[in-house]
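# Inside the fold
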Amino acid sequence: MELRQLSYFVTVAEELHFGRAAERLHIVQSAVSQQIQRLERELGAQLFDRSPRHVRLTAAGERLLPEARAVLAAADRARAAVAPAGGLRLGTSTGLGTHLDRVLAAFARRLPDVPVELVALPTEQRLAQVADGRLDAAFVRAMEPVPGVRMLPLWSDPLVAALPAGHPLAARAEIALDELAGLRLSITARAHNPALVDLVVGACHAAGFEPLPGPVSGSLQDTLATIGSRPLWTVVYASHARVLHSPRVAFVPFTAPGLALPTGLAVRASAPPPYLDELLLACGDHED
């Protein structure tokens, strides 16, 4: 049994979706599935009930979940006991794309001897860990203030339309939102990203149309795969679109004023994290 397998298991258990778990872990979905299957073989128990529509913990999975979390927490404490002093634990947000690469490079130029640990968690958990000090800072999009956390504005993240590469609009340099009224919108469930869904649906209403509902996929990877074969559209952060490679999907900017969500840096309100000034300068150096 490997710590990696337990980490993958806990992430899938929290998301109840292999695609979303893979996005959180920044790996391909097949790798997550393979490691979970190996863990199940080693333990001699099925941990998830899988169906095309749902993923649920089995009774064995429910018993394993608190034990796996305890093992991972103990491993974190062990690493912290011997880790070099002065590192930075930074929570990341899905879709940062080129932003994250550039900020890390700029921070490393300023402080090459300071290690940075990236932690991928849902927004609520990111904010909770900033508030209690387990994370030094975290990237967060369009969030209302929460107790114990201070939000420092960084940049505005423009959104682009993702649509089939063979669609006539795909060849355009930019498109107006109302030109997508005839296509079905495939977007995450509002519960997973209310700020994004409210922005897009509200912008459609302002443009004079009700977006036609399309399939709700569990991950961006699934959504783009579906768009590549069906007349649908969605939105993707422009910084993320620049690092995506999907020959069957085109990413087209919206005409001005476009769509965008603000990104901020969440820090603990009671005490600034280490190297905050350098981190903010690194973020500012590479503002889009």
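See above for the structure.
Pro257 follows Ala256 through a cis peptide bond whose omega is 10°. Of note in the backbone geometry, Leu16 takes a positive phi value of approximately 55° without being a glycine. In this fold, Leu16 is placed in the loop between helix 1 (3–15) and helix 2 (18–25). Residue Tyr275 is not a glycine yet carries a positive backbone phi of 60°. Turning to its location among the elements, Tyr275 is positioned in the loop between strand 11 (259–268) and helix 10 (276–285). Given a relative accessible area of 26%, Tyr275 falls into the partly exposed group.

Where helix 8 (residues 220–227) is concerned, the buried positions are Thr223, Leu224, Thr226 and Ile227. All buried residues of helix 8 project into a common sector of 160° when viewed along the axis, lining one side. Buried-residue contacts for helix 8 involve strand 6 (149–164), strand 9 (232–237) and strand 10 (249–253).

Rules used throughout
Residues numbered from 1 in each chain as written. Predicted model: local features only at pLDDT ≥ 70, side-chain atom pairs only at ≥ 80, totals over all residues. Heavy atoms only, no water. Helix = DSSP H or I, 4+ residues; strand = E, 2+ residues; numbered from the N terminus. Buried < 20%, exposed > 50% of the residue type's maximum accessible area, 1.4 Å probe, protein only. Arc of directions from axis to C-beta. Contact = heavy atoms within 4.5 Å.

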